[in-house]
Structure formats: C-alpha cells, structure tokens
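What follows is the residue order along each chain.
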Amino acid sequence: MKFVTDPPIATKIQKMRQRVRWQELLIQQRQIDQTCLVLDDGEDKPDFSFLVIGDSGSGPHRGHHPQRKVAERMLPHRSDCRFILHTGDVVYLVGSSEYYLKNFIEPYREFLVGGDQPRQIAYDQMVFNLPFLPVPGNHDYYDLPCVYGLLAQVALPLRWLLKSQLDLDIGWHGSRQGNAYARAFLDYLRAFHPLSELEQHLDQHYTAQTRNGLCLRYQPGYFTRLPNRYYTFRAGGIDFFALDSTTFNEPAPLPTTPDGIDFRRLLENQRADLEQQTQAIYETSARLDPNKAEDSEQLDDLSAKLEQLAEAKRDIDKQLNGRSGNVVDIEQLDWLQQRLIESWHTESVRGRVLFFHHPPYVTEATKWYQAQTLTVRRHLRGVLDAVAAAVGEGTRGQPVVDLVLNGHAHCLEHLRTLDTGHADAHINWLICGGSGFSLRRQRQEGPYLMEAFGQSSQTDVRPVAQSLLFIGRSGQGSQKRRPYSALRIDVKNGRPPKFVVHPLVSERFQRQWHDLEIAPFVI
C-alpha cells in the first residue's frame, strides 16, 4: 500500500469546481468572473513591494523552527509590502486540516487577525491583515490511507511500523483531495444554503467590476478569500496570474523507440533502488537517539532524505502509470492563454507575473530531471507560444511575461532562460521553495540546463537556461549549512517594469541561527 497518495487530476478539478460552485446558474446570471479578484486595500501605486514564500509548511524541528525563523525575517517588511505570494505546499506532509494550527497559523500569527491568540483561530476562518495569495502545491492535495492514519494515532504509532525515530507530520487523515486548502483559502460557496444565503454572500463580496464582469473583492482584515484554485489580479499596472500546476504536470506515456531501449525496465530498476535507500534510512534512524543533539540533527537530515526519495518514487510512478489520453487541465491553460492575450491588449497594463508550484526550469538536484518538470515546461511553452503568435509585434521585443515565480524545489534560485526556440526565452525565473521544509542541494552538473532539439538522428543539444544564484543546503557533517529563505520584491515604475529582488535568508549552522545579508539584484 502507498504511504501517501496523490488524487487523479480529474478528481482535483471536479472537487475544486464543486467547492466554489463553478459557473452555477446564479453565478452566471450575475456575470461573475470566478477567476479574478480585486485587492481592496486602498492603494494602487506603480511602485510597490511584495513578499514571496514557498514550501514552508513544516512544524518545529527538534529544538528549532525554520518556518518561524523565516516569518520573523519577513516581519520588518510587513508595513512596506502590499501582499504575500505563496508558491505552494502550505502544509506538510499531506495537507491535513489537523496541522494548519502548528504548521501555518502559529508560524505566521502576526499576519493574521487575532494572531495574538493563534489557538483560537480555526483553519477555515482565517482572516489576513495583509493579503495572503497562495497557489496549491502537490502536498496540499495529498491524502493518507486510513490504515496509516489509524497507526499514527494508536499507542504504538506509525514510527513503530517503520521502526524509526523519524518525526512525520501525520495525523488521522490527509488533505481529503485538497479540501483543507480549499476551506482555508478559497471562497467555499458550497457551504452556503439555502440559495438566499448564497445570494446575500454574492451581493456582499462580489461587487468589484472588471472588463469580464463582477468579481470577488479581497478586503484585508475583513474578508480574505480567493475565487478559485487559479486566478488573476492587478497591482500597480502589473497583471499577476496564479496557476494550479498540479493539474497539468502529468508526464506523457513512456516513449517507444527503435533503439530497443526499455524505458519501463529502467524506471522500475530506479524505483527498486529508491526503495532500498528508503529501507536503509528506516534502519539507520532506528539506531539514533532523538534526545542527543548530534543524533537529532541526523534525524532531521534523514527525514528530509526520506521525503526526497518519496517524491522521486511518485515521479517514477506517474511515468509508469501514464496512458495515452492522460488528463490535462486544458481549461486552465486555455484560460491563461486568453487572459495573457487580453492583458497585452490592455494599454494600462505594463507587465505580467506568473506564479505556480512546479518550476519548468531548476537546478536543484532532485527536480531538474523529473518528468513533471519537463511536462510543465512543455505545457507552459505551448501557452506562451500561442500568446506570442496572437500578440505579434505588439510585445515590442518584451518577453510575453516579465517574471515567473515557483516553488517545489527546496531552495532559493534565480535562473534566466536563453534561446529556447520558444516564447519562454529570455525570461527571469525565481524559485522560492526554501521557506521551512527540508532544503536540497544544487545538482553537480553545473548551472546550465541543456535540452535536445531535433530528430534522434540529428539531435542538437544546447543550453536553454542558466542558474545565476542558488541558495540551498551545502557542506557536510559539522560544516553543513541550511539557509532558509523568503523574498521581498520591489516593483519599480516604468514600462517594462524593473524588479529589485531582496533575498531574506536565515541560516542554520552548527545548531545556531545566523541572518545572512545577501545583496539585492535587479531583473
């Protein structure tokens, strides 16, 4: 039996639609756009700042709390920033509502109304005093088979089953197919009964007017909900597009080649090796004492390695189980394409930012080669190519989007694409996925990402992206460094806009915290 399960894409789409009563008659009659929100915060200046975090959702470790430390680094910037973007994986390990208090509400209590008494805040009634704008990550959708939830709660818990001392954020259940995330952040219209109650709610909160009709009004300190799992908003003349990449990351079926390569057998062998590594971690952890400082640090590392191996196995499983006709969230991708074209035809818009969980380009050691990474890259290229063709010379040499923000890779990284042969060329990509959970290292192959173009007989391999900054785990033994991070981004007036990026980094080194000063850079 699988320890953690990922719902099928079709299930994710269907469940999320039901939760927001997607395009029901009453909503259609009022011409409500359920993919748009307006920030009602009393300001909309061309110069503004915002914060970015991602992959943050862990609780306290033995004797330290990385996510809380990052939150403390963010606090001095709170009054200067207009909103916070979250690139996904809000709560580990399986997005359970049980862990929102420990893994989200308490670490970010100063950003919540009533945060001086965090234990009195229900996860599905959170109100933010600074707009908090997340996208779902894979862990926000994960589920836990009932038998494991049961074992995690009895007198001899899951740790007995695994014969280990590893700490796992596992409760009775998982996310229930993303339901916890939806109740925490989305406008959960399904909860309104009878119909008159829904009408009253729409009258009160869907009053902002846009070119596509009425939409939800986000009011910090009062009403802070999102209209959908993917959405758009405008700030200072910049259009922001939030995507749910968990519904277009399914790898294509394994190829059949004339060279006689058995890809299935290769993947099965890789998976068997990962299983052996997993078992070795369980055996090692059983010999460690969590009450000893050195053993405690090693147990943290083993927990990180265990989750890394589990991710790799899930990526292989997605490839092994791939079939022709895999579900792809075409509706969302078509929406993005249309909205980007509309954005380019809107004179008052001077820039465009995308943010979603899975990075199409990354040099973090465990993600750069994953099938999901390449699948998301392929789908995004298709959208951006179509937008570039539709807009034509209207871009005036400017990239189709100015900046892309991602998570999923547990690091802080700045990349820039080179000549990819597609409309995702010459774009800046920021990965902010090191805000609390286990950090990862950079790959050993170097800062350039290569890609093969052309037919197998005439393959042209060339660089498509370059990593310009990487902040992640480094060193060995007592010299191991764990730099956790967030970003402050200052948006400057002008067309195209300039972004000044300020890394906010706190490093755990030799069981002590050190705030690092990383020079800001302009993109």
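Predicted model, so just to flag it, every value in this text is computed and none were measured. Each chain carries its own residue numbering, running from 1 in the direction its sequence is written. Only residues with pLDDT of 70 or above have their local features reported here, since the model is predicted, and side-chain atom pairs are shown and tallied only from 80 upward, although totals for entire chains, interfaces and linings are computed over all residues. To get the side-chain values, take all heavy atoms of the structure and skip hydrogens and water.

**Student:** I'm lost on the overall build of the chain in this one. Help?
**Tutor:** A count of helical and extended segments in the chain gives 12 helices and 18 strands. Referenced to the eigenvectors of the C-alpha coordinate spread, the extents of the chain come out at roughly 65 × 60 × 45 Å. Under the scheme applied here, a residue whose accessible area is under 20% of the maximum for its type counts as buried, over 50% as exposed, and between as partly exposed, the area being computed with a 1.4 Å probe on protein chains only. Counting every position in the chain, which comprises 523 residues, the buried fraction comes to 58%. Here a residue-residue contact requires only that any non-hydrogen atoms of the pair lie within 4.5 Å. A separation threshold of at least 6 residues defines the contact pool for the chain, and within that pool the share at least 24 residues apart is 75%. Residue exposure ignores everything except the shown protein chains as possible cover, and the areas themselves are Shrake-Rupley values with a 1.4 Å probe. A total accessible area of about 21600 Å² is found for the chain, and carbon and sulfur atoms account for 49% of it. Helical segments are the DSSP runs of H or I of at least four residues, strand segments are the runs of E of at least two, and each set is numbered from the N terminus.

**Student:** Which parts of the structure should I look at to understand a nonpolar patch on the surface?
**Tutor:** Grouping into patches uses exposed residues only, defined as over 30% relative accessible area, and leaves out salt-bridged ones; the cut-off is 9 Å for like charges and 5 Å for nonpolar side chains (Val, Leu, Ile, Met, Phe, Trp, Tyr). By salt bridge we mean one thing: a side-chain nitrogen of Lys or Arg within 4 Å of a carboxyl oxygen of Asp or Glu. On the surface, Y448, M450 and V461 cluster together to form a nonpolar patch covering roughly 290 Å² of accessible area. Positionally, V461 belongs in strand β14 (residues 460–471).

**Student:** When you look at the packing of aromatic side chains in this model, what are you seeing that I'm missing?
**Tutor:** Each pair of aromatic rings is reported with the distance of its centres and the angle of its planes. Stacked, edge-to-face and tilted labels apply to pairs of Phe, Tyr and Trp rings (six-membered ring for Trp) whose centres lie within 6.5 Å, assigned for plane angles under 30 degrees, over 60, and everything in between, in that order. All told, the structure shown has 27 aromatic pairs when counted by the stated rule. Among the aromatic residues, ring-to-ring pairing joins Y100, F104, Y108, Y123, F128, F132, Y181 and F185 into one connected group. Charge-over-ring contacts are defined here by two conditions on Lys NZ or Arg CZ: a distance within 6 Å of the ring centre and an angle within 35 degrees of the ring normal. Its guanidinium or amino end placed over the ring of Y141, K12 lies 4.9 Å from that ring's centre, counting from NZ or CZ. Directly above the aromatic system of F509 lies the positively charged group of R481, at a separation of 3.8 Å from the ring centroid.

**Student:** I'm lost on the pattern of salt bridges in this one. Help?
**Tutor:** As enumerated under the stated definition, the model contains 24 salt bridges in all. Linking E106 and R119 is a salt bridge whose minimum nitrogen-to-oxygen distance equals 3.3 Å. Pair noted here: E106 is in the loop between α4 (100–105) and β4 (132–134) and R119 is in the loop between α4 and β4, with a separation of 13 residues, a long-range link. Judged by relative accessible area, E106 falls into the buried class, the value being 18%. Its relative accessible area of 64% is what places R119 among the exposed residues.

**Student:** Please explain unusual backbone geometry as it appears in this structure.
**Tutor:** It is generally the case that most residues other than glycine have a negative phi and that most peptide bonds are trans. The omega torsion across Y92 and L93 is 0°, close enough to zero to call that bond cis. Along the polypeptide, L93 turns up in the loop between β3 (83–86) and α4. Omega for the peptide link from R495 to P496 comes to 0°, which places this bond in the cis form. Summarising the element assignment, P496 is placed in the loop between β15 (481–492) and β16 (498–509).

**Student:** What is the right way to read helix α1 (residues 9–19) from this model?
**Tutor:** Helical geometry: 3.6 residues make up each α-helical turn, so side chains three or four residues apart lie on a common side. Within α1 the residues assigned to the buried category are I9, T11, K12, I13, M16 and R19. At its buried positions, α1 is contacted by α7 (179–185). Backbone geometry just after α1 places R21 at a positive phi near 50°.

**Student:** What's the story with helix α3 (residues 66–74) in this structure? I'm lost.
**Tutor:** The element α3 is extensively covered by neighbouring structure, given that 7 of its 9 residues are classed as buried. Along α3, the residues classified as buried are P66, Q67, R68, V70, A71, R73 and M74. Residues of α3 that are buried make contact with β2 (48–53), β3, α4, β15, β16 and β17 (512–517).

**Student:** Help me understand the nonpolar core, please; the structure alone is not making it clear to me.
**Tutor:** When a protein is soluble and globular, its nonpolar side chains tend to lie buried together. As used in this record, nonpolar core signifies buried Ala, Val, Leu, Ile, Met, Phe, Trp, Tyr and Cys residues forming a set joined through side-chain atoms within 4.5 Å. Counting 79 residues, the largest nonpolar core has Y100, F104, F185, F233 and F240 as the members making the most contacts within it. With residues near it in sequence (within four places) discarded, F233 still touches L37, L39, F83, L85, L133, I238, D239, F240 and F355.

**Student:** So what exactly am I meant to see when it comes to the packing of helix α11 (residues 330–344) against helix α12 (residues 371–391) here?
**Tutor:** Packing of α11 against α12 leaves a shortest axis separation of 9 Å and a crossing angle of 35°. As for how α11 packs across α12, the hand of that crossing is right-handed. From α11, L333, L336, Q337, L340, I341 and W344 reach across to α12, where they touch H379, L380, V383, L384, A386, V387, A390 and V391. Residues belonging to the contact of α11 with α12 are distributed by class as follows: 12 nonpolar, 2 polar and no charged. Note on definitions: angles span 0 to 180 degrees between N-to-C directions of axes, and those axes are lines fitted to C-alpha atoms, for helices only across the stretch in contact. Should the near helix be turned counterclockwise from the far one by less than a right angle, the crossing is left-handed, whereas a clockwise turn marks it as right-handed. Charged means Asp, Glu, Lys or Arg here, nonpolar means Ala, Val, Leu, Ile, Met, Phe, Trp, Tyr, Cys or Pro, and polar covers whatever is left, Gly included.

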